[in-house]
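# Structure assessment
Given next are the chains, with one letter for each unit.
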Amino acid sequence: MNEIYLIAEIGQAHEGSLGIAHSYIDALATTGVNAVKFQIHIAEAESSMYEPFRSEFSYEDQTRMDYWKRTQFTEAQWAGLKKHCHDRKLDFIASPFSVSAVDLLGNIGTEIYKTGSGEMDNFLMLDRIADSGKKIILSSGMSSISELDNTINYLKNRNCYLSLLQCTSSYPAEPQQWGLNVMELFKERYKIPVGFSDHSGDIYACLAAASLGAQLLEFHVVFDQKMFGPDASSSIPVRKVKNLVQGIRKIEIALNNPVDKTSNNKFESLKTIFGKSLAVNRNLQEGHILTIDDLESKKPAGYGIPAKDYKEIIEKRLNKDLAQWDFITANDLV
């Protein structure tokens, strides 16, 4: 099993501040994640005055398009963010939401594209990504199986290197919405790497997905869940990311080292220490006929008749006196 690929989704948590965007890169570089992911929104190319807010969150943006304009960066700024990732030994991943955004990412040399689930049938954009020959991570959030079939088969015919994330487009996603069972369906159906994209706002969903064999994990991050922004409540605080990564790496070790319960030879010494031998619980005289009320089991094993064999000595007669707590051996019995 290869190492689970961990993507920390910064998304729009920078709120249009280039300094904060760079601060996220520095903060996440110390957590053990493999990659950070941004979203590339070019307002005029992607949106219009008719686009509604997903949720009413903004105190400063009159329209959704205003929000995209306020939080977008220039191509040169994106190149700087990508270089910063490289300098901190993090992969730079981005989600484009327009053909113009795909072109921008191509210009700065992006190697991995992530598509949001709302782009699953955007073949104009998907074709432009496929033309690049770069890796594509698909999100299944709002897509049915038939829609996934259509897009994945289409991109496979383009010889694209694909992976697929189970995702629920709910913010934050409750446990009953995670759909962890879907990962196995995807693995069997599409024969491509499968993982999980989390919007739950805590570390538990990703830990569960890792234990069920996710090959890549994506989770939104934020400095604090009280911060301004539409995804803050469904993001993991940066201070928790290191614990999440440590938990996932321990789960990997467990999955890569299956335990064989058909043999327990390596526990023989422990079994002796914790095993029990039969003893008497009071002073008994020679000739006494043993009953269950006379018996106790004491550590370690090997100093008397094994405790598992106690039924075999019931109604046996002692051939000598035994003091309270003496072990019983076969030589003590007639």
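Residues numbered from 1 in each chain as written. Predicted model: local features only at pLDDT ≥ 70, side-chain atom pairs only at ≥ 80, totals over all residues. Heavy atoms only, no water.

Going by an unreviewed UniProt entry, the protein carries the name N-acetylneuraminate synthase and comes from Dyadobacter flavalbus.

Assigned secondary structure in the protein consists of 11 helices and 11 strands. A compact globule built from 334 residues should have a C-alpha radius of gyration of about 20 Å, whereas the protein, at 31 Å, is more than 25% larger. Across the 334 residues that make up the protein, the buried fraction comes to 46%. Counting only contacts in the protein whose residues sit at least 6 apart along the sequence, the fraction spanning at least 24 positions is 66%. Counting every atom, the protein has about 17,000 Å² of accessible surface; 51% of that belongs to carbon and sulfur. Positive and negative charge centroids in the protein, built from 36 and 43 side chains respectively, lie 6 Å apart. (Helix = DSSP H or I, 4+ residues; strand = E, 2+ residues; numbered from the N terminus. Rg over C-alpha atoms; globule rule 2.2 N^0.38 Å. Buried < 20%, exposed > 50% of the residue type's maximum accessible area, 1.4 Å probe, protein only. Contact = heavy atoms within 4.5 Å. Areas by Shrake-Rupley, 256 points an atom, 1.4 Å probe, with all protein chains shown as cover. Lys, Arg positive; Asp, Glu negative; His and termini not counted. Charge placed at Lys NZ, Arg CZ, Asp CG, Glu CD.)

Turning to the nonpolar core, a few remarks are in order. Core analysis: the biggest nonpolar cluster contains 68 residues, and Val33, Phe38, Trp78, Leu217 and Phe219 have the highest contact counts within it. In terms of residue count, the dominant contributor to this core is helix α10 (residues 238-256) (six residues). Not counting chain neighbours up to four residues away, the residues in contact with Val33 comprise Leu6, Ala8, Leu28, Leu90, Phe219, Val241 and Val245. Membership of the second largest hydrophobic core comes to 11 residues, among which are Leu290, Leu295, Ile313 and Leu322. (Core = buried A, V, L, I, M, F, W, Y, C linked by side-chain atoms within 4.5 Å.)

In this section: helix α8 (residues 182-190). Those residues of α8 lying buried are Val182, Met183, Phe186 and Tyr190. Looking down the long axis of α8, one finds its buried residues gathered within 105° of arc, a one-sided arrangement. Elements that come into contact with the buried residues of α8 comprise α7 (145-157), β6 (162-167), β7 (194-198) and α9 (204-211). Looking at the residues trailing α8, positive phi occurs at Lys191, about 55°. (Arc of directions from axis to C-beta.)

Tallied over the entire structure, the rule returns nine aromatic pairs. For the ring pair Tyr67 and Trp68, a centre distance of 5.1 Å and an interplane angle of 45° mean the geometry is tilted. For Tyr67, a relative accessible area of 1% gives the class buried. Note on Tyr303 and Phe327: the rings are 5.8 Å apart at their centroids and 35° apart in plane angle, and the pair reads as tilted. Placement of Tyr303 in the segment after β11 (295-298) and of Phe327 in the segment after β11 is noted, with a sequence separation of 24 residues between them. (Phe/Tyr/Trp six-rings, centres within 6.5 Å; stacked < 30°, edge-to-face > 60°.)

The subject of this paragraph is the domain arrangement of the protein. Annotation of the protein at the domain level lists domain 1 (5-256) and domain 2 (265-327). Put simply, the middle of domain 1 and the middle of domain 2, counted by C-alpha atoms, are 64 Å apart. (Domains from an automatic or database assignment.)

What follows concerns the packing of α9 against α10. Packed helices, taken two at a time, are described by their axes: the angle between them and the distance between them. Viewed as axis vectors pointing N to C, α9 and α10 meet at an angle of 15°, and their least axial separation amounts to 9 Å. Taken as axis vectors, α9 and α10 run roughly parallel relative to one another. In this structure, the crossing between α9 and α10 has a hand that is right-handed. Seen from α9, the contacting residues are Cys206, Leu207, Ala210 and Ser211; seen from α10, they are Leu244, Gly247, Ile248, Ile251 and Leu255. When its residues are assigned to classes, the contact of α9 with α10 shows seven nonpolar, two polar and no charged. (Axes fitted to C-alpha atoms, helices over the stretch in contact; angles between N-to-C directions. Parallel < 35°, antiparallel > 145°, perpendicular 65-115°, else oblique. Left-handed = near helix turned anticlockwise from the far one by under 90°. Nonpolar A, V, L, I, M, F, W, Y, C, P; charged D, E, K, R; others polar.)

A few words on the side chain of Ser143. Structurally, Ser143 can be placed in the loop between β5 (135-139) and α7. With residues near it in sequence (within four places) discarded, Ser143 still touches Ser117, Met120 and Leu148.

Bringing the pattern of salt bridges into the picture now. Summed over all chains, the structure comprises 17 salt bridges. The closest approach of N and O atoms between Asp127 and Arg158, which form a salt bridge, is 2.7 Å. With Asp127 in helix α6 (residues 123-132) and Arg158 in the loop between α7 and β6, the pair connects residues that are 31 residues apart, well separated along the chain. Owing to a relative accessible area of 22%, Asp127 belongs among the partly exposed residues under this scheme. Residue class for Arg158 comes out partly exposed when judged on its relative accessible area of 30%. Here Lys240 and Asp202 are joined by a salt bridge, their closest N and O atoms 3.2 Å apart. Here the residue Lys240 occupies a position in helix α10, and Asp202 occupies one in the loop between β7 and α9, the gap between them amounting to 38 residues. (Salt bridge = Lys/Arg side-chain N within 4 Å of Asp/Glu carboxyl O.)

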